[in-house]
Amino acid sequence: GAVVSQHPSWVICKSGTSVKIECRSLDFQATTMFWYRQFPKQSLMLMATSNEGSKATYEQGVEKDKFLINHASLTLSTLTVTSAHPEDSSFYICSASGTGGWGTQYFGPGTRLLVL
Amino acid sequence: QKEVEQDPGPLSVPEGAIVSLNCTYSNSAFQYFMWYRQYSRKGPELLMYTYSSGNKEDGRFTAQVDKSSKYISLFIRDSQPSDSATYLCAMSLTGGGNKLTFGTGTQLKVEL
C-alpha cells in the first residue's frame with residue numbers, strides 16, 4: 001500500500017517553456033502533498049506544502065509565481081514550472097501524507113527535469 | 001549551522017558488516033524521527049519511524065534516538081550489497097506527515 005506515482009519520470013524542454021509534473025496517490029487519499037527538489041549529491045529541499053482545496057504554502061526563497069502548485073483532489077497534485085530556465089534543471093520529488101501530522105510521507109519516484 | 005547534520009560519506013563496508021549511520025540536530029523541539037533509503041535516481045523509501053527517544057527494531061534495522069544528546073542512529077546488521085544506497089535522516093516537529101527537515105544523506109556501499 002501507500003504508493004505515490006509521478007508523471008513524467010523525466011522531461012527535457014527548451015528554455016522559456018512551461019512544464020507540468022503530476023503527483024498521484026494511488027491507493028490512499030492524500031490530505032497533504034509536498035514538493036521537493038534535489039540537486040545531485042544534495043538532500044531534499046522542501047519547496048511547498050499543499051492541502052487539498054487550499055493554496056499551497058511555499059518555503060522561503062521559492063517563487064510561487066514560477067512554481068505553480070495545484071492540489072485539486074485528494075489523489076492529485078500538480079507542479080508547473082513556468083518559463084523554465086536551465087537553473088531549474090533538477091530532480092523534483094513529491095510526497096503525500098494521508099493521515100495528517102501523525103502519519104508518514106510516502107514519496108514518488110521523482111521527475112528529472114532538464115532545461116536546455 | 002544546518003539544523004540537521006549528517007556525514008555524506010561515502011561509507012564503504014564489506015558484506016555482512018554492521019553499519020552505523022548517524023545524524024545530529026540542533027532543534028530540541030524535533031519529536032519525530034525517520035530514516036529513508038534512496039537509491040540512485042529514485043524517490044526516498046521510508047525505513048524507520050520513531051517518536052521521541054528510544055530504540056526501534058525492524059528486521060535487520062535498528063533506529064535509536066537520544067534526544068538529550070540530539071543524536072539519532074540507524075544500525076544495519078548483516079549488511080547486503082542491496083543495502084547500497086543513500087540513507088537520509090529526517091525529522092519533524094509535529095509528525096511525519098508534516099514538514100520534514102532532512103539531513104544531507106550518507107552514501108553507503110556494501111561490497112562483496
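Predicted, not measured: the structure shown is a model, and the values here were computed from it.

Conventions we followed
- Once a new chain begins, its residue numbering starts again from 1 and follows that chain's sequence as written.
- Written order determines the labels here, with chains lettered from A and ligands numbered from 1.
- Owing to the predicted nature of the model, reporting of local features is limited to residues with pLDDT of at least 70; listing and counting of side-chain atom pairs is limited to 80 or more, with chain, interface and lining totals taken over all residues.
- The side-chain figures draw on all heavy atoms in the structure; neither hydrogens nor water molecules are used.
- At least two bridges found by DSSP between two strands are what make those strands a pair.
- Strands are runs of DSSP state E lasting at least two residues, helices are runs of H or I lasting at least four, and both sets are numbered from the N terminus onward.
- Axis definition: a line fitted to C-alpha atoms, over the contacting stretch in the case of helices. Angles run 0 to 180 degrees between N-to-C directions.
- Two cysteine sulfur atoms make up a disulfide if the distance between them is within 2.5 Å.
- Any residue under 20% of the maximum accessible area for its type is buried, any over 50% is exposed, and the rest in between are partly exposed; the area is computed with a 1.4 Å probe on protein chains only.

### A word on the sheet that holds strand 8 (residues 76-81) of chain A
Residue and element names in this part refer to chain A.
- Reading across from one edge, 1-3-8-7 is the order of the four strands in this open sheet, with antiparallel pairing throughout. The sheet terminates laterally at strand 1 (4-7) and strand 7 (67-73), the two strands that pair on one side only. Taking the axes of each pair of neighbouring strands and ignoring which way they run, one obtains an average angle of 15° across the sheet.
- Relative to strand 8, strand 3 (residues 19-25) runs antiparallel, the two sharing six bridges. In the strand pairing of strand 8, Lys 20 is matched with Thr 80.

### So, the state of the cysteines
- Taken as a whole, this structure holds two disulfides over all chains when the rule is applied.
- The disulfide bridge from Cys 23 of chain B ends at Cys 89 of chain B, spanning 2.0 Å between sulfur atoms. Torsion about the S-S bond of the Cys 23 of chain B and Cys 89 of chain B cystine: about -105°, corresponding to left-handed handedness. Within this pair, whereas Cys 23 of chain B is found in strand 3 (residues 19-25), its partner Cys 89 of chain B is found in strand 9 (residues 85-92), the two being separated by 66 residues in sequence. As far as the burial class goes, Cys 23 of chain B and Cys 89 of chain B line up, both buried.
- Cys 94 of chain A supplies the cysteine sulfur nearest to Cys 13 of chain A, a cysteine that is in no disulfide, at a spacing of 18 Å.

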